[in-house]
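Chains, contacts and geometry: an overview
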Amino acid sequence: GMTRCYSVWCRALSRSSGADDGLWRTYPSLARGLAQARLAQAKATGAERLVTDSLLAARWLTQAWQKGDVAVSWLPELL
């Protein structure tokens, strides 16, 4: 019962989760803002859940999650 939501910001053009290249470690407030923007963009497409193949991105996005944001899952959790 899933429907995939598409956006112009997918695959190689996907916006940052904030976990890229250690940004979460060196500039945590910037990384948190990027994660929240990524979640807001997913929500704007109508998504209820954002699925990533990166465990680090999944955990970082989950930490940045705010009430009303989309849920976050690591792909293997769904299999």
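The sections below set out a description of the structure shown in this document. In this convention, every chain numbers its residues from 1, walking through the sequence in written order. With pLDDT at 70 or above as the cut-off, local features in this predicted model cover only qualifying residues; side-chain atom pairs require 80 or more to be listed or tallied, and sums for whole chains, interfaces and linings still use all residues. Each side-chain value is worked out from all heavy atoms of the structure, with water and hydrogens disregarded.

A fitted line through C-alpha atoms represents every axis, and for helices the fit uses only the stretch in contact; the resulting angles, taken between N-to-C directions, go from 0 to 180 degrees. Put simply, DSSP H or I for four residues or longer makes a helix, DSSP E for two residues or longer makes a strand, and each gets a number counted from the N terminus. With their axes 9 Å apart at the nearest point, helix 2 (residues 28–44) and helix 3 (residues 55–64) run at an angle of 90° to one another. With respect to each other, helix 2 and helix 3 are oriented roughly perpendicular. Of the residues in helix 3, those in contact with Pro28, Ala31, Arg32, Ala35, Gln36, Arg38 and Leu39 of helix 2 are Trp60, Leu61 and Ala64. A breakdown of the residues in the contact of helix 2 with helix 3 according to their chemical character gives 7 nonpolar, 1 polar and 2 charged. Note on angle classes: values under 35 degrees are labelled roughly parallel, values over 145 roughly antiparallel, values of 65 to 115 roughly perpendicular, and the remainder oblique. Note on definitions: a residue-residue contact is assigned when non-hydrogen atoms from the two residues lie within 4.5 Å. Three residue categories are used. Nonpolar comprises Ala, Val, Leu, Ile, Met, Phe, Trp, Tyr, Cys and Pro, charged comprises Asp, Glu, Lys and Arg, and polar comprises the others, including Gly.

To continue, consider the pattern of salt bridges. Salt bridges are counted wherever a side-chain nitrogen of Lys or Arg sits within 4 Å of a carboxyl oxygen of Asp or Glu. Evaluation of the coordinates by the stated rule reveals 1 salt bridge. As a salt-bridge pair, Glu77 and Arg59 come within 3.1 Å of each other at their nearest N and O atoms. Note that Glu77 is positioned in helix 4 (residues 75–78) and Arg59 in helix 3, a separation of 18 residues in sequence.

Distances and angles like these do not, on their own, reveal function.
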